[in-house]
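# Summary of the model geometry
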Amino acid sequence: MVTEPKNRHPTPTTGRKFRGPGSVGPLGLGVAVLWLSVIVLLPLAALTVTSFDAGLGGFWDAVTSPRALATFKVTLEVSAAAAVINLVFGTLIAWVLVRDEFPGKRFVNAIIDLPFALPTIVASLVLLSLYGPGSPIGLVFNATKPAVVVALLFVTLPFVVRAVQPVLIELDREVEEAAASLGANNWTIFRSIVLPVLLPAILSGAGLAFARAIGEFGSVVLIGGNIPGETQIASQYIRELIEYDQATEAAAISVVLLALAFVVLFVLRIVGNRLARREEQIR
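Since the model is a prediction, treat every value here as computed from it, not as a measurement.

### Some details on the packing of aromatic side chains
When we look at a pair of aromatic rings, we describe it by the centre distance and by the angle of the planes. Under the criterion given, the structure shown has six aromatic pairs. Ring plane angle 15 degrees and centroid distance 4.5 Å describe the contact between Phe52 and Phe59, whose orientation is recorded as stacked. Through pairs of rings, three or more aromatic residues link up here, namely Trp95, Trp187 and Phe190. Here the guanidinium or amino end of Arg99 rests over the ring plane of Trp95, the centre of that ring lying 4.5 Å away.

Below is the structure:
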């Protein structure tokens, strides 16, 4: 008597959807949405509601007053300058850390994240000691826009470096070697092969740096000088409004900053995704 072999691969039960080990069920999704709502969405909603306590006219008056407009102008100028400078030098540092070998490389790689761990007020104190009155290196430019830019460069550098570094690590160098064997110089290889791949990460890092810069406070509070219309940025103006018990006006300025950061990140995300898709199509 021959027994039928057991079916080692039973057919899946109809109506049930297989979930892989990395999938998230309804409970996980609900917890994630709840946590995001409590930590991010509800505070932003409360801030937005507060900004309109005086009505739409009060909101408009708060964000279009001469002090507010001057503050926005300074904030955008120094934040854009810091983002562009770090876009260039952050990419260069990431390139050196990935492609070059030198003594102390691990130490340099570790201190890139120092602005994330160091209290920003400490950074402002250090910069004031270095570039303020009695500077040990003879450079005194505190209470100026360049001083604010330097402070923002310090706190935003890791965003670009850490955005570009993983892409460089994963980049296939065989294409570069093939181009070099065909006679292409280093600049041509970088411009035609490497840069298109890095560009989405560079833009993402620069966008994060800009968004961080427009809301920065601690690193500029001492070295910046807080001069209205000259070095006062939006976060310092918000603190001043709160000290004078003008919470509604402070909330209105905060909402504008949030909107600016969101628009910049959203646009750069779209541009980065399009560039990445175009690069995939070319490949």
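There's plenty left to go through after this.
### Quick look at the side chain of Ser124
Tracing the sequence through the fold places Ser124 in helix H6 (residues 120-131). Within polar-contact distance, the side chain of Ser124 engages the backbone nitrogen of Ile223 at 3.3 Å. Dropping the residues within four chain positions of it, Ser124 is found in contact with Gly218, Ser219, Val220, Val221, Leu222 and Ile223.

### Quick look at helix H2 (residues 55-64)
Every buried residue of H2 is accounted for by Phe59, Ala62 and Val63. Seen along its axis, H2 keeps its buried residues to an arc of 90 degrees; they face one direction. In H2, those exposed residues whose orientation departs by more than 90 degrees from the buried face are Trp60 and Asp61.

### Here's the deal with the pattern of salt bridges
Two side chains of opposite charge can pair, provided their charged atoms sit close to one another. Going through the model one piece at a time under the given rule, you end up with seven salt bridges. Its salt-bridge partner being Arg67, residue Glu240 comes within 2.9 Å of it at the nearest N-O pair. With Glu240 in helix H10 (residues 234-243) and Arg67 in helix H3 (residues 66-99), this residue pair connects regions lying 173 residues apart in the sequence. For Arg67, a relative accessible area of 31% puts it in the partly exposed group.

### A closer look at the side chain of Thr91
Positionally, Thr91 belongs in helix H3. With a relative accessible area of 9%, Thr91 lands in the buried category. For Thr91, the contacting residues outside a window of four places in its chain are Asn86, Val160, Val164 and Ile202.

### Observations regarding a nonpolar patch on the surface
On the surface, a nonpolar cluster with roughly 940 Å² of combined accessible area is contributed by Leu34, Trp35, Leu36, Val38, Ile39, Val40, Leu41, Leu42, Leu44 and Leu258. Per element, the largest residue contribution to the nonpolar patch is nine residues, and it comes from helix H1 (residues 26-51). Inspection of the secondary structure puts Leu36 in helix H1.

### Some remarks on the packing of H6 against helix H7 (residues 145-170)
Relative to each other, H6 and H7 sit at 135 degrees, their axes nearing to 10 Å. Taken as axis vectors, H6 and H7 run oblique relative to one another. When you trace H6 past H7, the crossing you get is right-handed. Every residue of H7 that contacts H6 at Thr120, Ala123, Leu127 and Tyr131 is listed here: Val150, Ala151, Phe154 and Val155. Each residue belonging to the contact of H6 with H7 can be placed in one class, and the counts come to seven nonpolar, one polar and no charged.

Calculation rules
Residues numbered from 1 in each chain as written. Predicted model: local features only at pLDDT ≥ 70, side-chain atom pairs only at ≥ 80, totals over all residues. Heavy atoms only, no water. Phe/Tyr/Trp six-rings, centres within 6.5 Å; stacked < 30°, edge-to-face > 60°. Lys NZ or Arg CZ within 6 Å of the ring centre and 35° of its normal. Helix = DSSP H or I, 4+ residues; strand = E, 2+ residues; numbered from the N terminus. Polar contact = N/O pair within 3.5 Å; in protein donor to acceptor, adjacent residues only side chain to side chain. Contact = heavy atoms within 4.5 Å. Buried < 20%, exposed > 50% of the residue type's maximum accessible area, 1.4 Å probe, protein only. Arc of directions from axis to C-beta. Salt bridge = Lys/Arg side-chain N within 4 Å of Asp/Glu carboxyl O. Patch = residues over 30% accessible without salt bridge, like charges linked within 9 Å, V, L, I, M, F, W, Y side chains within 5 Å. Areas by Shrake-Rupley, 256 points an atom, 1.4 Å probe, with all protein chains shown as cover. Axes fitted to C-alpha atoms, helices over the stretch in contact; angles between N-to-C directions. Parallel < 35°, antiparallel > 145°, perpendicular 65-115°, else oblique. Left-handed = near helix turned anticlockwise from the far one by under 90°. Nonpolar A, V, L, I, M, F, W, Y, C, P; charged D, E, K, R; others polar.

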